[in-house]
Amino acid sequence: MISVVIPIFRSGELLGEAIESVLNQTEKDWELILVDNNASDETLRVAEKYQKNHRDRIRLIHEPIQGVSYARNLGIQEAYGNFIALLDDDDIMYPARLEDQKTLLKNRPEVSIVYGSYDRVSFDNTTVLEEKVIDHPFPHFLNLPPILKESLRLDQVDAMPSTIFFEKHRANLSGLFDPHFSPCFLEDTDFNVRMHLLGDFARSDAQVIRFRTPSPHFLQKKRKGMLFLYRQLQNQDYFFSKIVRKIEQAGLIENSDVRRVLIVWKSRWLKEASFHLLGLTGGVHLARLFLLRAIQESPTNYGAYKHLFRSMMSKEKRVLRYGNSHLTDTNLPLELNSSFVSDLFSGKHKCEFCTLGIN
């Protein structure tokens, strides 16, 4: 059996299209697990309606701790099926997705994840904006030296969660999704890294989902009060430290090619962190510290010089250029200061979220 796991949060009526796409699968040996992760009333009403009408196929369970890792993990743990297919609550599966991915995985026992290309569609799902979009490796893994790719297998495709299909027992062996990345951000990349240690990735021939391009209004509604800059940066720092730890354990941290790649990675993330700050009230001073440190790490990071110059623009122009609809901050977070900037991406992560016993 295949267990389709959909964490539900604030998708509202869009959830209905996601569920209908499961009901319309050519593969019939499946169950659908809807994981209520403190969903909005509108979203929960849609879930309850479908669960009531399909009690033999659809289960609705509740995960009170906020975060997509917690929600996906509960869905996987509660699954009756040997196979797991993930889907976000605003995406839509093509009818043959489950059948095709199940066949491919059963024919390729060395594979840990089957993923697929997808069509990027408009928010109202009426227009295909881009066909057969293919995911690539995590950007900072692209230029890793061969010695690192061979020893740590850090060359896997960074597959979108809604496209992946895997065996339940392998996911359990990997440790499932790391809750430290709550509420979201980089949890999928981290999962892919650990699953790739357990086997190869294989891509389905046909597109597997329609990925709905969120509107700015939908993003603001979905992220409101949830994803803040401080937590996003802590997630990045945590992920970076996990990779550094793997490199240290492999005895490669002193390799000059490895250190060069890590420096470029740090410098780029420091530069990108400044973007969010440049769009915040009171954030320009700290943004400049991020950019200066990016330049200090890698003097050839010419983009950092460009954004440092743009930090002189008026507040109105900065907000217009750098405002981020994914994040909910409007003012400089109190947790961000010069000490935080100097410690970020040191490879020795420690934060208050670690005290929860999450690793």
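Residues numbered from 1 in each chain as written. Predicted model: local features only at pLDDT ≥ 70, side-chain atom pairs only at ≥ 80, totals over all residues. Heavy atoms only, no water.

### Topic: the state of the cysteines
One pass over the structure, following the stated rule, counts 0 disulfides. With no disulfide of its own, Cys184 lies 15 Å from the sulfur of Cys351, the closest cysteine sulfur. Free of any disulfide, Cys351 has its nearest neighbouring cysteine sulfur in Cys354, separated by 3.9 Å. Residue classification places Cys351 among the buried positions, given a relative accessible area of 6%. (Disulfide = S-S within 2.5 Å. Buried < 20%, exposed > 50% of the residue type's maximum accessible area, 1.4 Å probe, protein only.)

### A closer look at the sheet that holds strand 5 (residues 92-93)
A sheet is described by the order of its strands in space; here 4 strands give the open sequence 5-11-7-8, paired in mixed fashion. The open sheet is flanked by strand 5 and strand 8 (128-133), the only strands paired with a single partner. Strand direction decides the pairing type here: strand 5 and strand 11 (residues 209-212), joined by 2 bridges, are antiparallel. What sits directly across from Ile92, in strand 11, is Arg210. (Pairing = 2+ DSSP bridges. Helix = DSSP H or I, 4+ residues; strand = E, 2+ residues; numbered from the N terminus.)

### A few points about the packing of aromatic side chains
On inspection of all chains with the given rule, the structure shows 21 aromatic pairs. Aromatic side chains Phe138 and Trp269 sit 6.2 Å apart centroid to centroid with 75° between the ring planes, which places their arrangement in the edge-to-face category. Pair noted here: Phe138 is in the loop between strand 8 and helix 5 (146-152) and Trp269 is in helix 10 (residues 256-278), with a separation of 131 residues, a long-range link. Note on Phe138: relative accessible area 6%, which makes it buried. With relative accessibility at 5%, the residue Trp269 sits in the buried group. Measuring from centroid to centroid gives 4.1 Å for Phe177 and Phe191, while their planes differ by 15°, and the two rings are stacked. Residue Phe177 is located in the loop between helix 6 (168-174) and helix 7 (187-196), and its partner Phe191 is located in helix 7; the two are separated by 14 residues in the primary sequence. For Phe177, a relative accessible area of 1% corresponds to the buried category. (Phe/Tyr/Trp six-rings, centres within 6.5 Å; stacked < 30°, edge-to-face > 60°.)

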